[in-house]
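Residue-level structure breakdown
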Amino acid sequence: MGACLSIPNPKPRKTGTDFGVGGAPAAIKQHPTAKVVHMDGRIQEFKPPIQAKHVTSQNPGDYFLCSSESMSIIGTSVPAVPDDEELQPDQIYFLLPLSHSNKALSLPDLCTLAVKASSGLSQGSISNSMFILQ
C-alpha cells in the first residue's frame, strides 16, 4: 500500500506588508472562486455564478466534473456535478475523464488527486492558472 503525502506551502517572507491567502497583500480583497483541478495539475478559477456545463464545454474530450466533497467514501463511484448546477465559491472540483465515472474510488486515486490539488494550490493558483471571470 502507498501513502499520501502533502507538503504544505512555506510561509511567505514578510517585508513590512501583511500577507494574506496565496501570498497576496492582505489589503487586496480576494473574491471567492470555485477552483477546478485538471488531471495535469493545472487549476482554473471561476468567479461565480458559473454552471458546471460551462467548465466541461471548455475542455475538449470526454470529461465530467466532480466535487471534492463527494469524494470521501473509498470504494464508491464519484458522482458527477449536474450540468445545470452552479459551482460554489471556495470549493474544489476535479475534471476527470468520463472513463472514471463508474470506477470505484480507491485510496491511491484519492491520494493522487489530493497531491495534484495541493501542488497546484501551493504554487499560487491565481498566478499559475487560468483565472476566468464570468
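Scope of this entry: the structure provided in the associated data block. (Residues numbered from 1 in each chain as written. Predicted model: local features only at pLDDT ≥ 70, side-chain atom pairs only at ≥ 80, totals over all residues. Heavy atoms only, no water.)

In this section: the pattern of salt bridges. In the structure shown here, the tally under the stated rule is 3 salt bridges. The salt bridge partner of Glu45 is Lys35, with a shortest N-O separation of 3.6 Å. Residue Glu45 is found in strand S2 (residues 43-46), and its partner Lys35 is found in strand S1 (residues 34-37); the two are separated by 10 residues along the sequence. Across the pair, exposure class does not vary: Glu45 and Lys35 are buried alike. Where Lys103 meets Asp109, a salt bridge forms, and the shortest distance between an N and an O atom there is 3.5 Å. Exposure remark for Lys103: the relative accessible area of 37% places this residue in the partly exposed category. (Salt bridge = Lys/Arg side-chain N within 4 Å of Asp/Glu carboxyl O. Helix = DSSP H or I, 4+ residues; strand = E, 2+ residues; numbered from the N terminus. Buried < 20%, exposed > 50% of the residue type's maximum accessible area, 1.4 Å probe, protein only.)

Turning our eyes to something else, we now look at the pairing of strand S4 (residues 92-97). Burial of S4 is extensive: 5 of the 6 residues sit out of reach of the surface. Sheet analysis places S1 next to S4, joined by 3 bridges and oriented parallel. Within S4, the position partnered with Lys35 by the bridge is Ile92. As paired strands, strand S3 (residues 63-67) and S4 are joined by 5 bridges and run antiparallel to one another. (Pairing = 2+ DSSP bridges.)

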